[in-house]
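# Coordinate analysis (summary)
Here are the chains, one letter per residue:
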Amino acid sequence: MQQGSSSKPTDDAITADANLPWVEKYRPRYLSEIVGNEETIERLKIIANDGNMPHLIISGMPGIGKTTSILALAHQLLGAKYKDAVLELNASDERGIDVVRNQIKSFARSKVNLDPGRHKIIILDEADSMTTGAQQALRRIMEIYSNTTRFAFACNQSNKIIEPLQSRCAILRYAKPTDKQVLTRLLEIAKAENVSYTDAGLHALVFTAEGDMRQAINNMQSTWSGFGQITDENVMKIVDAPHPMQIRAMMVSALARRIDEALDKLAQIWQKGYSAVDIVSTMFKIGRLIPMRELDRLEVIREIGFVHMRVLEGVNSKLQISGLLCRLAKGSYHVLEAN
């Protein structure tokens, strides 16, 4: 793949690139560089090679490459005509019917000289935030200008896009990248930026991001900028979450029926200022990792889930977690390893 002009970059360009957030600096430019969702990316590569892009809806959790995929596809389809032939809007900010009637319709009516078989592309990020009226107004525009313009919607929940739009689009659903894929990407960036890190620090980034590649990269840059080294302690300070090893030790103590010890560990964590939501959320992640019989694990996660529900309903108190630890200690759970 050609990289464009081979002229030497100016000092201003180098400085601007150095000041970019890493999530933008290392944003994939081509479909082949995108991590995860291999089967779906292969479908987009076929569209890029064929050149006849349908209307698209890409749905999935935040930070997993939806918008990046659409931008990469647009770059590969349009090349040098990208700036003239692409309209990108964030629908969470510009989501009213006036935007559809003015900006989108005007762009769809405009003329751009493109290669045969290529189309202008309108990208609507966070399209599930658009009002129903705006979505209804899009239906007619998509029909009238389908010969020259294609729409690409990126959204977290495709069911919030009205059925008439869904029926006009090919729907692609993105899953979170695996922990291994996130770790591989972080290692590439660490090497490029000459970042000092520990293995525990990188695993802490992966653990806290929960498949959100954007969050993992942002947390990595924040930790590096703030502390000069990626360690698990530094990462937990940046993300402001309880340390997983402390939560794990508390849970193991409770599961081993050492309830006083578990409550003491809870008190130490609580004194650091973490809320019940912080603690219970981390307990849920750790509960999936503690080695135990599967039926025991399901019961533990069930107990944590009920407390999580109560906490989210507003009963945000230490008493809820204390009661959870007591129920874990009361049950006949068996951790499949020594303390």
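No experiment lies behind these values; they were computed from the predicted model shown. (Residues numbered from 1 in each chain as written. Predicted model: local features only at pLDDT ≥ 70, side-chain atom pairs only at ≥ 80, totals over all residues. Heavy atoms only, no water.)

### Regarding the packing of aromatic side chains
Note on aromatic pairs: each is described by the distance of the centres and the angle between the planes. Tallying each qualifying case throughout the model produces one aromatic pair. On the basis of an interplanar angle of 15° and a centroid distance of 6.1 Å, the ring pair of Phe151 and Phe153 is categorised as stacked. The residue whose ring lies beneath Lys120 is Phe107, and the NZ or CZ to ring-centre distance is 5.5 Å. (Phe/Tyr/Trp six-rings, centres within 6.5 Å; stacked < 30°, edge-to-face > 60°. Lys NZ or Arg CZ within 6 Å of the ring centre and 35° of its normal.)

### Let's talk about helix 17 (residues 318-330)
Compared with an ideal rise of 1.5 Å per residue, which puts 13 residues at 18 Å, helix 17 spans 18 Å between its outermost C-alpha atoms and is within 8% of the ideal. When we look at burial in helix 17, the residues that qualify are Gln320, Ile321, Ser322, Leu324, Leu325, Leu328 and Ala329. Looking at the buried side of helix 17, the elements it contacts are helix 13 (244-255), helix 14 (259-271), helix 15 (276-287) and helix 16 (294-312). (Helix = DSSP H or I, 4+ residues; strand = E, 2+ residues; numbered from the N terminus. Expected span 1.5 Å × (residues − 1). Buried < 20%, exposed > 50% of the residue type's maximum accessible area, 1.4 Å probe, protein only. Contact = heavy atoms within 4.5 Å.)

### Section: the packing of helix 9 (residues 179-193) against helix 11 (residues 213-227)
In a packed pair of helices, the relevant descriptors are the angle between the two axes and the axis-to-axis distance. Direction vectors running N to C along helix 9 and helix 11 enclose 35°, while the axes themselves pass 10 Å from each other. By crossing handedness, the relation of helix 9 to helix 11 is classed as right-handed. Two secondary-structure elements touch here, helix 9 through Gln181, Val182, Arg185, Leu186, Ile189 and Ala190 and helix 11 through Met213, Ala216, Ile217 and Met220. Considered class by class, the residues forming the contact of helix 9 with helix 11 number eight nonpolar, one polar and one charged. (Axes fitted to C-alpha atoms, helices over the stretch in contact; angles between N-to-C directions. Left-handed = near helix turned anticlockwise from the far one by under 90°. Nonpolar A, V, L, I, M, F, W, Y, C, P; charged D, E, K, R; others polar.)

### So, the sheet that holds strand 5 (residues 170-173)
What the five strands build is an open sheet, ordered 2-3-4-1-5; its pairing is parallel. Edge positions in the open sheet fall to strand 2 (86-90) and strand 5, since each of these has one partner strand only. Strand-to-strand twist of the sheet, defined as the mean angle between neighbouring strand axes without regard to direction, takes the value 15°. Pairing of strand 2 with strand 3 (residues 120-125), which is carried by five bridges, proceeds in the parallel orientation. (Pairing = 2+ DSSP bridges.)

### What to know about helix 4 (residues 66-78)
End to end, helix 4 covers 19 Å across 13 residues, agreeing with the expected 18 Å (1.5 Å per residue, within 8%). Of all the positions in helix 4, only Lys66, Thr67, Thr68, Ser69, Ile70, Leu71, Ala72, Leu73, Ala74, Leu77 and Leu78 are classed as buried. On the buried face of helix 4, the contacting elements are helix 3 (38-50), strand 1 (56-59), helix 5 (82-85), strand 2, strand 3 and strand 4 (149-155). Just downstream of helix 4, Gly79 is the residue with a positive phi angle, here 55°.

### Some remarks on unusual backbone geometry
One non-glycine residue, Asn37, adopts positive backbone phi at about 50°. The class of Asn37 is buried, set by a relative accessible area of 13%. Here the phi dihedral of Asn194 falls at roughly 55°; this positive angle occurs in a residue that is not glycine. Using a relative accessible area of 64% as the deciding quantity, one classes Asn194 as exposed.

### What to know about the environment of Asp179
Relative to the helices and strands, Asp179 is located in helix 9. Note: C-alpha distance between Asp179 and Val206 (27 residues apart in sequence) is 6.1 Å.

### Quick notes on the confidence of the model for the chain
For the chain, the average pLDDT comes to 86, and 92% of its residues sit at 70 or higher. Confidence over residues 1-16 falls short of pLDDT 50; this stretch has four contacts with residues more than four positions distant or in other chains. (pLDDT = per-residue confidence, 0-100.)

### Observations concerning the domain arrangement of the chain
Where the parts come together, the accessible area they lose is often given as the size of the interface. The domains assigned to the chain are domain 1 (37-173) and domain 2 (244-330). In this structure, domain 1 and domain 2 have C-alpha centres spaced 44 Å apart. (Domains from an automatic or database assignment.)

### What about the pattern of salt bridges?
If you walk through the whole model with that rule in mind, you get 13 salt bridges. Here Glu294 ties to Arg297 by a salt bridge, and the two come within 3.6 Å at their closest N and O atoms. Note that Glu294 and Arg297 are positioned in helix 16 at a spacing of three residues, about one turn of the helix. Overall, Arg297 belongs to the buried group, its relative accessible area being 14%. Three or more residues are tied together by salt bridges with common partners; here these are Arg140, Glu143 and Arg168. (Salt bridge = Lys/Arg side-chain N within 4 Å of Asp/Glu carboxyl O.)

### Thoughts on the nonpolar core
Among the nonpolar cores identified, the biggest contains 27 residues, and Ile279 and Met283 are the most heavily contacted of them. Listed by contribution, the elements that provide at least two residues to this core are helix 13, helix 14, helix 15, helix 16 and helix 17. Considering each element in turn, this core owes the most residues, six residues, to helix 13. In this view, Met283 contacts Ile247, Met250, Met251, Ile304, Ile321, Leu324, Leu325 and Leu328; residues no more than four positions away in its chain are not counted. Counting residues in hydrophobic clusters, the runner-up holds 26 residues, among them Ile34, Leu71, Ala72 and Tyr174. (Core = buried A, V, L, I, M, F, W, Y, C linked by side-chain atoms within 4.5 Å.)

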